[in-house]
Amino acid sequence: MKEKSQPPIVNGQWSMVNSNRQMGCRITTIFLCVLLLSLSTIAQKVSLIADRNKILIGEQVTLQLKAEDINTGKSFLQSWLNIADTGNHLQVTKRGPIDTIDINGLTTYLQPINITSFDSGNWRIPSIKMILQERTTGKQTILQTDSLTIEVLPVDVSALTNYHEIKDILDVQVQPNYWLYAAVAAAVILLVIIIWLLIKQRKKKPIFVKPLYSGTALEHALQLIKELQYDAAQKENPKLFYTKLSAICREYFQDRLQVRSSQATSDELMLLLGVYLQDEKSRTAFYQLLRLSDAVKFAKYIPESDQNKQAIETAVKTLQHIDALTQYIKQHA
């Protein structure tokens, strides 16, 4: 059987076939280049991850800033992911170093950051930008993380059967105490007589009030904290532990700074110490200790053992910082 003969292809038809083949090769090449470029762009990504999304007031969340698969041979970090120290009721308490991991010529950057909040509510961390710049062309690429929401809860006392809410202050009608008035008047008269006798005798001897303890106010406070730290009975009673720790700090502030810290509330004490705790990290740590102490004493919150250890360290560092600052001011006054 004879095969069917193909019609002859003239020069014009061969030229059209070659042109179509060249056009197909060009389209394929362009497609591959675009595909490779898109893959290299998709490989580079940044993320913001939290170890937990719900905390109690004063607790800390560890965030992880991450930039993956960065080709440092072709580009470099023009600006790193940055979270403000304070913003939207959230505060940064610690910034870890930026670590790098190199795998097959690609670099991953990691940085841990601890944040906290002293206000209950849902607080949002907005999207954060990072800029990459190519080494040869100078072209910049902007990478963004997703936003993140942290829910800050008040101290949970719903499971406590013996919990009682703090009642409002009631007005009490004060009855005059005439015996007290008479005793005060007699004491004033006696004081005037003593002062008059002292002036009359012209004795100019200085009067020093001897403290009830030996050593400096700092040494006395640190000794009390050390005894509190090793008292097993007080460790088993969180309310007694934090009550004594707070009282030791307040007594030191009153002796060293001459402020009425023993009668002050936690908010009033924060205002009194604001001028001495200029460093934000030290100030945040001690304010967090005051909030935790109130939660234990008034809301029956049970802290973990690590929190007790951290509370001791925060109290010691705060007292040492204020003592060094007051000595420096006294020497340069």
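For the structure, check the block above.
Attention in this report is confined to the structure presented alongside it. The structure presented is a predicted model; accordingly, all values stated were derived computationally and were not measured.

The next subject is the sheet that holds strand β2 (residues 54-56). Pairing in this open sheet of three strands is mixed, and the strands run β2-β12-β9 from one edge to the other. The open sheet is flanked by β2 and β9 (121-125), the only strands paired with a single partner. Between one strand and the next, the sheet's axes are offset by a mean angle of 30°, whatever the strand orientation.

Inspection of the secondary structure assignment puts I142 in strand β11 (residues 140-144). What makes I142 exposed here is its relative accessible area of 52%. Taking the C-alpha atoms as reference points, I142 and M130, twelve residues apart in sequence, are found 5.8 Å from one another. Setting aside chain neighbours within four positions, we find I142 in contact with K129, M130 and I131.

This model, assessed by the stated rule, comprises five aromatic pairs. Both rings, one in W80 and one in Y109, keep their centres 6.1 Å apart while their planes meet at 55°; by these two values the pair is tilted. Highlighted residues: W80 in the loop between β4 (75-79) and β5 (86-87) and Y109 in strand β8 (residues 106-116), separated in sequence by 29 residues. No difference in accessibility class separates W80 from Y109, as the two residues are buried. By the ring-pair criterion, three or more aromatic residues cluster together here, those being Y252, F253 and F286.

This paragraph deals with empty space enclosed by the protein. By rolling a water-sized probe across the atoms, one finds the places where empty space is left. Using the criterion set out here, one finds two cavities of 30 Å³ or more in the structure. When its volume is computed, the largest cavity comes out at roughly 50 Å³. What lines the largest cavity is Y242, L245, S246, C249, F286, L289, L290 and S293. Secondary structure elements with two or more residues in the lining of the largest cavity: α5 (238-257) and α7 (280-299). Looking at the lining of the largest cavity residue by residue, the classes come out as six nonpolar, two polar and no charged. A volume near 40 Å³ is recorded for the second largest cavity. Looking at the lining of the second largest cavity, the elements with two or more residues in it are α3 (217-229) and α5. Taken together, the residues of the lining of the second largest cavity sort by class into five nonpolar, one polar and two charged.

Attention now moves to the nonpolar core. Residues I225, L245, Y252, F253, L273, F286 and I322 are the most contacted members of the largest nonpolar core, which totals 35 residues. Counting only elements with at least two residues in this core, the list comes to α3, α5, α6 (266-273), α7 and α8 (305-331). Those residues in contact with L273 that sit more than four places away from it in its chain are F253, L257, F286 and I322. Residues L63, I70, L81 and V152 belong to the second largest nonpolar core, which totals 26 residues.

The next subject is the layout of surface pockets. Put simply, the largest pocket is a space of about 1200 Å³. Where the lining of the largest pocket is concerned, the elements lending two or more residues are β6 (90-95), α7 and α8. It is α7 that provides the largest number of residues to the lining of the largest pocket, a total of twelve residues.

This part is about the packing of α3 against α5. It is the contact of α3 with α5, at a shortest axis distance of 9 Å, that shows an interaxial angle of 175°. By the angle class used here, α3 and α5 are roughly antiparallel. From α3, A217, L218, H220, A221, L224, I225 and L228 reach across to α5, where they touch F241, K244, L245, I248, E251, Y252 and D255. Here the contact of α3 with α5 is composed, by residue class, of ten nonpolar, one polar and three charged.

Right, let's get into the sheet that holds β11. Pairing in this open sheet of three strands is antiparallel, and the strands run β4-β10-β11 from one edge to the other. Because the sheet does not close on itself, it has two edges, and the strands there are β4 and β11. Going across the sheet, the axis of each strand differs from the next one's by a mean of 30°, ignoring polarity. Across four bridges, the pairing between β4 and strand β10 (residues 129-134) is antiparallel. Looking at the pairing, S75 lines up with E134 of β10.

Cut-off values and rules
All residue numbers here refer to positions counted from 1 along the written sequence of the relevant chain. In keeping with the predicted nature of the model, local features appear solely for residues at pLDDT of at least 70, side-chain atom pairs appear and are counted solely at 80 or more, and the whole-chain, interface and lining totals rest on all residues. No hydrogens and no water enter the side-chain calculation; it runs on all heavy atoms of the structure. Note on pairing: two strands pair once DSSP finds at least 2 bridges between them. Strands here mean DSSP runs of E at least two residues long; helices mean DSSP runs of H or I at least four residues long; both are numbered from the N terminus. To get an axis, fit a line to the C-alpha atoms, keeping to the stretch in contact for a helix; angles then go from 0 to 180 degrees between the N-to-C directions. Remark: exposure states derive from per-residue accessible area (1.4 Å probe, protein chains only) relative to the maximum for the residue type, with buried under 20%, exposed over 50%, and partly exposed in between. Contacts are assigned to residue pairs that have any heavy atoms within 4.5 Å of one another. Two aromatic rings, drawn from Phe, Tyr or Trp (for Trp, its six-membered ring), form a pair once their centres lie within 6.5 Å of each other, and the interplanar angle then sorts them: stacked below 30 degrees, edge-to-face above 60, tilted otherwise. Note on definitions: the grid is 1 Å and covers protein atoms alone; a cavity is a set of points where a 1.4 Å probe fits but cannot get out; a pocket is an open set with protein on both sides within 12 Å along at least five of seven lines; lining residues have an atom within 4 Å of a point. Grid points are joined across faces, edges and corners, and a volume is the space filled by probe spheres set on the points. We call Asp, Glu, Lys and Arg charged. Ala, Val, Leu, Ile, Met, Phe, Trp, Tyr, Cys and Pro are nonpolar, and the rest, Gly among them, are polar. Note on terminology: a nonpolar core comprises buried Ala, Val, Leu, Ile, Met, Phe, Trp, Tyr and Cys residues joined through side-chain atoms within 4.5 Å. Throughout this description, any angle smaller than 35 degrees is read as roughly parallel, any larger than 145 degrees as roughly antiparallel, any in the 65 to 115 degree range as roughly perpendicular, and the remainder as oblique.

The values reported here are purely geometric and, on their own, carry no functional implication.
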